[in-house]
Amino acid sequence: LRSGVGRTLIEAAQSRNETLQLWCFADNLRGRAFYERMGFEAVKFTDGAANEAKAPDIMYLWERDSVSG
């Protein structure tokens, strides 16, 4: 079920912020691919010791391109 809601929400957040940060579980391959298509970059990988699920996760960062504004 791909209705475009996720893209709409991310684009709305990107239009209102200079940077965004989020976490995604490492085994969520569809989620990771989605965030990467939306311009997020993986910047931190953990073994999951600090999250409630105790599952490896990844911090993603998105920064507005100063050229395209």
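Shown above is the structure to which this text applies.
Within each chain, residues carry numbers counting from 1 in the order of the written sequence. The predicted nature of this model means local features are confined to residues of pLDDT at least 70 and side-chain atom pairs, given and counted, to a pLDDT of 80 or more, with totals for whole chains, interfaces and linings taken over all residues. Derived side-chain values reflect all non-hydrogen atoms in the structure, with water molecules and hydrogen atoms excluded from consideration.

Caption draft 1: The arrangement of the nonpolar core in detail. Ile10, Leu20, Leu22, Cys24, Phe34, Met38, Phe40, Ile58, Tyr60 and Trp62 form the largest nonpolar core, which has ten residues in total. To qualify as a helix, a DSSP run of H or I must reach at least 4 residues; to qualify as a strand, a run of E must reach at least 2; elements of each kind are numbered from the N terminus. Elements that contribute at least two residues to this core include exactly strand S1 (19-25) and strand S3 (57-63). Whether two residues are in contact is decided by their heavy atoms, any of which lying within 4.5 Å being enough. Excluding its chain neighbours within four sequence positions, the residues that come into contact with Ile58 are Leu22, Trp23, Cys24, Ala26, Arg32, Ala42, Lys44 and Phe45. Here, the term nonpolar core denotes a set of buried Ala, Val, Leu, Ile, Met, Phe, Trp, Tyr and Cys residues that are joined through side-chain atoms within 4.5 Å. Partly exposed describes any residue whose relative accessible area lies between the buried limit of under 20% and the exposed limit of over 50%, with all areas from a 1.4 Å probe on protein chains only and scaled to the type maximum.

Caption draft 2: Examining the pattern of salt bridges more closely. What makes a salt bridge here is a side-chain nitrogen of Lys or Arg within 4 Å of a carboxyl oxygen of Asp or Glu, nothing more. On inspection of all chains with the given rule, the structure shows two salt bridges. Measuring nitrogen to oxygen at the nearest pair gives 3.6 Å for the salt bridge that ties Arg7 to Glu11. Remark: Glu11 and Arg7 occur in helix H1 (residues 5-16); sequence separation between them is four residues, near one turn of the helix. Exposure remark for Glu11: the relative accessible area of 39% places this residue in the partly exposed category.

Caption draft 3: Spotlight on the side chain of Gln14. Mapped onto the fold, Gln14 is located in helix H1. For Gln14, a relative accessible area of 10% corresponds to the buried category. Looking at Gln14, its side chain comes within polar contact range of the main-chain oxygen of Met38, at 2.9 Å. Dropping the residues within four chain positions of it, Gln14 is found in contact with Leu20, Met38, Phe40, Trp62 and Arg64. Any pair of nitrogen or oxygen atoms within 3.5 Å is treated as a polar contact; in protein, a donor-acceptor pairing is required on top of that, and neighbouring residues in sequence qualify only through side-chain atoms on both sides.

Caption draft 4: Quick peek at the environment of Glu36. Summarising the element assignment, Glu36 is placed in helix H2 (residues 29-37). Glu36 sits in the partly exposed class, given a relative accessible area of 43%.

Caption draft 5: Unusual backbone geometry, seen in detail. Phi is positive for Lys54, close to 55°, though the residue is something other than glycine. Examined against the element boundaries, Lys54 turns out to sit in the loop between strand S2 (41-46) and S3.

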